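Listed below, chain by chain, are the residues.
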Amino acid sequence: MSSVESTESTESTGSTGAIFIVVSMVVIIVKISVLYYFCGKRIFPSVSPEPQFMTLTMDKFLTDMEREKPIRFTDQQLRIATDNYSNLLGSGGFGAVYKGIFSNGTIVAVKVLLYGSSDKRIEEQFKAEVSTIGRTHHFNLVRLYGFCFERNLRALIYEYMVNGSLDRYLFHQNKTLGFEKLHEIAVGTARGIAYLHEECQQRIIHYDIKPGNILLDRNFNPKVADFGLAKLCNRENTHITMSGGRGTPGYAAPELWMSFPITHKCDVYSFGILLFEIIGRRRNFDVNLPESQEWFPILVWKKVDTGQLEELTIACGIDEKDKEITERMVKVALFCVQYRPESRPIMSVVVKMLEGSLEIPDPVNPFQHLMDGIFTAHPVPTSQSYTNTSTSSGSCVMVTDSSIVCTTPIMRRNEIELASSNG
Ligand SMILES: Nc1ncnc2c1ncn2[C@@H]1O[C@H](COP(=O)(O)OP(=O)(O)OP(=O)(O)O)[C@@H](O)[C@H]1O
Ligand SMILES: [Mg+2]
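These numbers were taken from a predicted model, which means no experiment stands behind them.

Draft legend 1. Structural context of the site of ligand 1. Taken together, 21 residues form the shell around ligand 1, and within it Gly 90, Gly 92, Gly 93, Ala 109 and Gly 212 come nearest. Top element by residues in the shell around ligand 1 is strand S2 (residues 88–92). It accounts for 4 residues. Per-domain counts for the shell around ligand 1 show at least three residues from each of domain 1 (71–159) and domain 2 (164–369).

Next comes the structure, spelled out in structure tokens:
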């Protein structure tokens, strides 16, 4: 081959290569442009998420709600859901409760907690407690969806209970709930507490059973609220009573305000007090009622002791047809408020007694100590016996406090879902 031919061939190869490089670059630029056009926001997210992005993120974790994990919400998400905390549902010893709604229509109750310092140790403790509460599921317990733990906000997010709390129906509004329904509410509430005491891996003592903490769903099914909060919020600091004890005055068991050993039986006592309020559909101590200068539970005891229970049911406006369940509820209430914790039944027994499947022993005077002015410390034994009428022989069954069924697992810390990191 001549040198001229060789030079021409080299030039032609060089120009073909240049064309190829140019075409390739154009193709790459077009591809990048198309990719950016369709997916630009996802590949190169802006520093502050846009509303559409927030909605997608919310939708993702709202489906997570259906699962069992408590979700970590941000301050911003809660501000949007509660419309800047504009709908106050009520407030109590832990803080205020606001109604909120998420983008998928889920309605929630956001409890903004009063809080102190927020160092890392407290945050870990908070998350561990929330995990336990969030995994405690029962038909008669209010569901915890999640929480917020930020420098400026500590909050708990619960399922919303459309009919509010029981106190509304006992003391304030038209007393629209019939006695049968109230009996059902008492049984459901007892079931919820029995689950906390006897079926969770770690027993949960509520410390604050009262009508304000019994919430009602659309069908007036009762759901116990605020369980686990005593431990979570260091109740001693938020619920100081006149005597410096725990719980709410009027509902707290004697051992709570007398610094005696405290067990789950303090909830049994408070449940008994709640039962009296359900029976009377009035506050146990109400200075506005002329006949109630006396504390209602003592009035009930005196009527039972003197065989005048019928007079009491008439005074409470209870129909003749409900006489039998009233009698049962009265006896259970007197049994639950026994001064000595070991004389009170465990909650699963309370359920059976209220349902009528377990015979209720004639109660002894629970208020003797008030009459005598005697207060003594008491040991707590582990078992009690009751006569079971559900068996044909009416045999005696042992019900032990230690026979706890382990069903609620404790959540590992890493099972908490971050609402803001799942887009
Ligand atoms: N999940 C919920 N759904 C609907 N309403 C709620 C919910 N949680 C609380 N509320 C409303 O907010 C009110 C205040 O509740 P909060 O628990 O703060 O106070 P409390 O129950 O009266 O006292 P405590 O602090 O001792 O629990 C309740 O009485 C109830 O009406
Ligand atoms: Mg409450």
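Draft legend 2. Here's a closer look at the pairing of strand S5 (residues 144–150). Of all 7 residues that make up S5, 6 are buried, and the element is covered over most of its length. Relative to S5, strand S1 (residues 71–72) is paired through 2 bridges, and the arrangement is parallel. Of the residues in S5, the one forming a bridge with Ile 71 is Gly 146. Here S5 pairs with strand S6 (residues 153–159) via 6 bridges, running antiparallel. Bridging across to S6, Glu 150 finds its partner in Leu 153. Linkage of S5 to S6, two consecutive antiparallel strands, is achieved through a turn of 2 residues.

Draft legend 3. Spotlight on helix H6 (residues 179–198). Over its 20 residues, H6 extends 28 Å from the first C-alpha to the last, a length consistent with the 28 Å expected when each residue adds 1.5 Å. Taken across its 20 residues, H6 has 17 buried, putting it largely inside the fold.

Draft legend 4. Quick look at the packing of helix H13 (residues 323–336) against helix H14 (residues 347–355). Direction vectors running N to C along H13 and H14 enclose 160°, while the axes themselves pass 9 Å from each other. Between H13 and H14, the angle falls in the class roughly antiparallel. The chirality of how H13 crosses H14 is right-handed. Where H13 approaches H14, its residues Arg 328, Met 329, Val 332 and Cys 336 are matched on the opposing element by Val 350, Met 353 and Leu 354. The residue makeup of the contact of H13 with H14, split by class, is 6 nonpolar, no polar and 1 charged.

Conventions adopted
- Residues numbered from 1 in each chain as written.
- Chains lettered and ligands numbered in written order.
- Predicted model: local features only at pLDDT ≥ 70, side-chain atom pairs only at ≥ 80, totals over all residues.
- Near = placed C-beta within 6 Å.
- Helix = DSSP H or I, 4+ residues; strand = E, 2+ residues; numbered from the N terminus.
- Domains from an automatic or database assignment.
- Buried ≥ 20, exposed ≤ 12 C-beta atoms within 10 Å, placed from the backbone.
- Pairing = 2+ DSSP bridges.
- Expected span 1.5 Å × (residues − 1).
- Axes fitted to C-alpha atoms, helices over the stretch in contact; angles between N-to-C directions.
- Parallel < 35°, antiparallel > 145°, perpendicular 65-115°, else oblique.
- Left-handed = near helix turned anticlockwise from the far one by under 90°.
- Contact = placed C-beta atoms within 7 Å.
- Nonpolar A, V, L, I, M, F, W, Y, C, P; charged D, E, K, R; others polar.

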